[in-house]
Amino acid sequence: MAGTAPAAAATPAAHAAAPAVPCPRPDVKPPPGRPPRPTPPKDDPVLRAVGGDALATDGLVIPAGAKQPPALTATSWLVADLDTGEVLGSCGPHVYGTPASVQKLLLAATVMDRLDPDKTITVTEGDLAIEPGSSAVGLLKGGRYPISTLWLGLLLNSGNEAANALARLGGGEGGVPATVAAMNAEAKRLGAYQTHAVTPSGLDGSGQFTSAYDLALIARKCFADADFRKYALTKTAQIPAQKQLKKGGFQIQNENKLIFNYPGALGGKTGFTQLARHSYVGGAERGGRRLVATLLGAEARPLRGWQQGAALLDWGFSLPRDASVGKLVAPDGPDAPGTATDASVTSAVPKVANGPVPAAARAAARPGLPLAAAAAIAVILAATPLLLLLTQRRRRRVRRRIRRPQAL
């Protein structure tokens, strides 16, 4: 049974009351020892309908008459056209999920155009403050690397130390905290209202969430950048030797197997943590169409994350060009009549529960921080209540965007 787009007069509340159409899933048991999913922020009818009323569901929504999409272990997914912004189908498009390393796309969307790729920088001890055993490129303290190499390490090998270095550089005197604040501001600018970053790398942080719909908005911004497209399609890269440290160079390979196995692949990003499970964003071009597939909360059996993304892309390309169940909203897009009332508007930013401070943030706040940097961070923290107030005011405009969003 396929979910279809309802009449334009329907409301998010009506969708919430209707039973969700189950998403196709393989008959496999979850792996033993899988941690419970973190408690998400309270559902908001405004946020659930961003991009169109049909997207306000925890279940399946596909065009009328469309063939059944593939059975996937992902808890939520979405397929959209990168150029027109049409959403071709989705499972729980606005269901909160934990991002893992696909959050690095938000880092790229926020600071890639701020940093000179040809500039050489020195890696600091704070850059290397990552969770033991988490993904790393192998950058060295005191090593000197072009910023372009950091981007390659981030997107090919999901290097968390590369994420820290790029976030430190992108934040200027405010360092990593300033970049994380900018990431959250950029998410809201793009219309990704369910996204809240705590770490620049996607390493788990309390209160850190996103959605399949939000990931498509972020990916659309990334794929519009020529440098990102070049990095994302790079199959192998050379990490330069550090002669002053008496260490040789080495080669890294792109972990996104889509670019090796899927005709027309544009690249994307893989992600995994024990808490988030597998997440994936992948794009491809076929017959003059560019599609993106996003997924969260997947398991690696029977299909790995990139294979689930490939299956979604195949399904999307099989649909007619005019197929649609919703729209990717444009950044700072024009307002349109909404479907919610002011009374339904609540805080857009998920509250961060008490928990351990991410390693990157601890490093940024260590003793000996330059006075200018400390002052910059203080300004950011002092401005947080104002930013939240402005976000709430902006939310009142969100409800006027959710029915007739414009293409980018």
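The structure we're discussing is the one just above.
Every residue gets a number counted from 1 within its own chain, in the order that chain's sequence is written. Where local features are concerned, this predicted model is filtered to residues with pLDDT of at least 70; where side-chain atom pairs are given and counted, the filter is 80 or more; whole-chain, interface and lining totals use all residues. Calculated side-chain values reflect all of the structure's heavy atoms, with hydrogen atoms and water omitted.

Peer 1: I would appreciate a short explanation of the overall build of the protein chain in the present structure.
Peer 2: A helix here means a DSSP run of H or I that spans at least four residues, while a strand means a run of E at least two residues long, and both kinds are numbered starting from the N terminus. A count of helical and extended segments in the protein chain gives twelve helices and eleven strands. For each residue, the accessible area found with a 1.4 Å probe, counting protein chains only, is set against the maximum for its type, and the residue is called buried under 20%, exposed over 50%, and partly exposed in between. Considering the protein chain as a whole, with its 408 residues, one finds that 55% of them fall into the buried category. Pairs at least 24 apart in sequence give 74% of the contacts found in the protein chain among residues at least 6 apart. Reported accessibility uses the Shrake-Rupley method at a 1.4 Å probe radius. Residues are deemed covered only where the shown protein chains occlude them. Here the protein chain displays about 17,100 Å² of accessible surface, and carbon together with sulfur accounts for 57% of that area. Contacts are assigned to residue pairs with any non-hydrogen atoms lying within 4.5 Å of each other.

Peer 1: Just to check I follow, could you spell out the pattern of salt bridges for this structure?
Peer 2: Oppositely charged side chains can pair when the atoms bearing their charge come close. One speaks of a salt bridge when a side-chain nitrogen belonging to Lys or Arg is within 4 Å of a carboxyl oxygen belonging to Asp or Glu. Under the definition given, this model contains twelve salt bridges. Residues Arg-48 and Asp-58 are paired through a salt bridge, measuring 2.9 Å at the closest nitrogen-oxygen approach. Of the two residues, Arg-48 sits in helix α2 (residues 45-48) while Asp-58 sits in the loop between α2 and β1 (60-61), which places them ten residues apart along the sequence. The structure contains a network of salt bridges with shared partners spanning Glu-186, Arg-189, Lys-221 and Asp-332.

Peer 1: Please explain the nonpolar core as it appears in this structure.
Peer 2: Within soluble globular proteins, side chains that are nonpolar generally end up buried alongside one another. Buried Ala, Val, Leu, Ile, Met, Phe, Trp, Tyr and Cys residues form a nonpolar core when they are joined through side-chain atoms within 4.5 Å. Core analysis: the largest hydrophobic core is formed by 67 residues, its most contacted members being Trp-151, Tyr-213 and Phe-228. Of all the elements, helix α7 (residues 212-223) adds the most residues to this core, at nine residues. Judged by nonpolar contacts, the second largest core, of 29 residues, contains Val-21, Ala-74, Trp-77 and Leu-319.

Peer 1: Looking at this model, I keep getting lost on the packing of helix α5 (residues 160-170) against helix α6 (residues 175-190). Mind explaining?
Peer 2: Geometry of a packed helix pair, given as the angle between the helix axes and the separation of the axes. At their nearest, the axes of α5 and α6 sit 7 Å apart, and the two run at 85° to each other. The angle between α5 and α6 falls in the class roughly perpendicular. Here α5 contributes Asn-164, Ala-167, Arg-168 and Gly-170 to the contact with α6, which in turn contributes Gly-175, Val-176 and Thr-179. Residues were grouped as follows: Ala, Val, Leu, Ile, Met, Phe, Trp, Tyr, Cys and Pro as nonpolar; Asp, Glu, Lys and Arg as charged; and all remaining residues, including Gly, as polar. Residue classes in the contact of α5 with α6 are distributed as two nonpolar, four polar and one charged. To obtain each axis, a line is fitted to C-alpha atoms, and for helices this fit is confined to the stretch in contact; angles are then taken between N-to-C directions over 0 to 180 degrees. Roughly parallel means an angle under 35 degrees; roughly antiparallel means over 145; roughly perpendicular covers 65 to 115; every other angle is labelled oblique.

Peer 1: Please clarify how the state of the cysteines should be interpreted in this entry.
Peer 2: Two cysteines form a disulfide when their sulfur atoms are joined by a covalent bond. We call a pair of cysteine sulfur atoms a disulfide whenever their separation is within 2.5 Å. Summed over all chains, the structure comprises one disulfide. One disulfide bridge connects Cys-23 with Cys-91, the sulfur atoms lying 2.2 Å from each other. Torsion about the S-S bond of the Cys-23 and Cys-91 cystine: about 105°, corresponding to right-handed handedness. Placement of Cys-23 in the loop between α1 (12-17) and α2 and of Cys-91 in strand β3 (residues 86-91) is noted, with a sequence separation of 68 residues between them. Accessibility classification places Cys-23 together with Cys-91 in one group, the buried group.

Peer 1: Is there a simple way to think about the environment of Ser-101 in this case?
Peer 2: With respect to the helices and strands, Ser-101 occurs in the loop between β3 and α3 (104-111). Taking relative accessible area as the criterion, Ser-101 reaches 7% and is therefore assigned buried. In this structure the C-alpha to C-alpha distance between Ser-101 and Asn-160, which are 59 residues apart in sequence, comes to 8.6 Å. Every residue in contact with Ser-101, bar those within four places of it in the chain, is listed here: Ser-158, Asn-160, Ser-201, Gly-202, Lys-269, Thr-270, Gly-271, Phe-272 and Ser-279.

Peer 1: Teacher, can you tell me more about the pairing of β3 here?
Peer 2: Regular strands place side chains that alternate from one sheet face to the opposite one. The buried fraction of β3 amounts to five of the six residues, a majority that puts the element mostly inside the structure. Here β1 runs beside β3; their pairing, made up of two bridges, is antiparallel. Bridging across to β3, Leu-60 finds its partner in Cys-91. When DSSP finds two or more bridges between two strands, those strands count as paired. Sheet topology places strand β2 (residues 76-81) next to β3; four bridges connect them, and they run antiparallel. Bridged to Ala-80 within β3 is Val-87. Connecting β2 to the next strand, β3, in antiparallel fashion are four residues, including Gly-85 with a positive phi near 80°. By the bridge criterion, two bridges tie β3 to strand β11 (residues 326-327) in an arrangement that is antiparallel. Across the sheet, Val-87 pairs through a bridge with Gly-326, a residue of β11.

Peer 1: Before we go on, may I ask you to explain the packing of aromatic side chains in this structure?
Peer 2: Stacked, tilted and edge-to-face are the three classes assigned to paired rings of Phe, Tyr and Trp, where Trp is represented by its six-membered ring and a pair needs centres within 6.5 Å; plane angles under 30 degrees give stacked, over 60 edge-to-face, the rest tilted. Under the counting rule described, the total for this entry stands at three aromatic pairs. Residues Tyr-96 and Phe-209 carry aromatic rings whose centres are separated by 5.8 Å and whose planes lie at 75° to one another, so their mutual orientation is edge-to-face. One end of the pair, Tyr-96, is in the loop between β3 and α3; the other, Phe-209, is in the loop between α6 and α7, and 113 residues separate them in sequence. Its relative accessible area of 5% is what places Phe-209 among the buried residues. Aromatic pair Phe-223 and Phe-228: ring centres 5.4 Å apart, planes at 90°, arrangement edge-to-face.

Peer 1: Please clarify how the packing of α6 against α7 should be interpreted in this entry.
Peer 2: Contact pair α6 / α7: the axes reach a minimum separation of 10 Å and the direction vectors enclose 100°. Judged by the inter-axis angle, α6 sits roughly perpendicular to α7. Contact residues: Glu-186, Arg-189 and Leu-190 in α6; Leu-217, Ile-218 and Lys-221 in α7. Along the lines of polarity and charge, the residues of the contact of α6 with α7 split into three nonpolar, no polar and three charged.

Peer 1: Just to check I follow, could you spell out the side chain of Gln-103 for this structure?
Peer 2: Assignment of secondary structure puts Gln-103 in the loop between β3 and α3. Not counting residues within four places of it along the chain, the set of residues in contact with Gln-103 comprises Met-183, His-196, Ala-197, Val-198, Thr-199, Pro-200, Gly-202 and Gln-208.

Peer 1: Any chance you could explain unusual backbone geometry here in plain terms?
Peer 2: A negative phi angle is the norm for most residues apart from glycine, just as the trans form is the norm for most peptide bonds. Look at the link from Arg-301 to Pro-302: it is a cis peptide, with omega at 5°. As for its position among the elements, Pro-302 is in the loop between β10 (289-298) and α10 (305-318). The backbone of Ser-158 sits at a positive phi, close to 55°, despite the residue not being glycine. Topologically, Ser-158 is positioned in the loop between α4 (147-157) and α5.

Peer 1: Before we go on, may I ask you to explain the environment of Leu-190 in this structure?
Peer 2: Position of Leu-190 relative to the elements: it lies in helix α6. Among residues more than four places away in sequence, those in contact with Leu-190 are Leu-217, Ile-218, Lys-221, Val-329 and Pro-331.

Nothing here speaks to function; it is all geometry.
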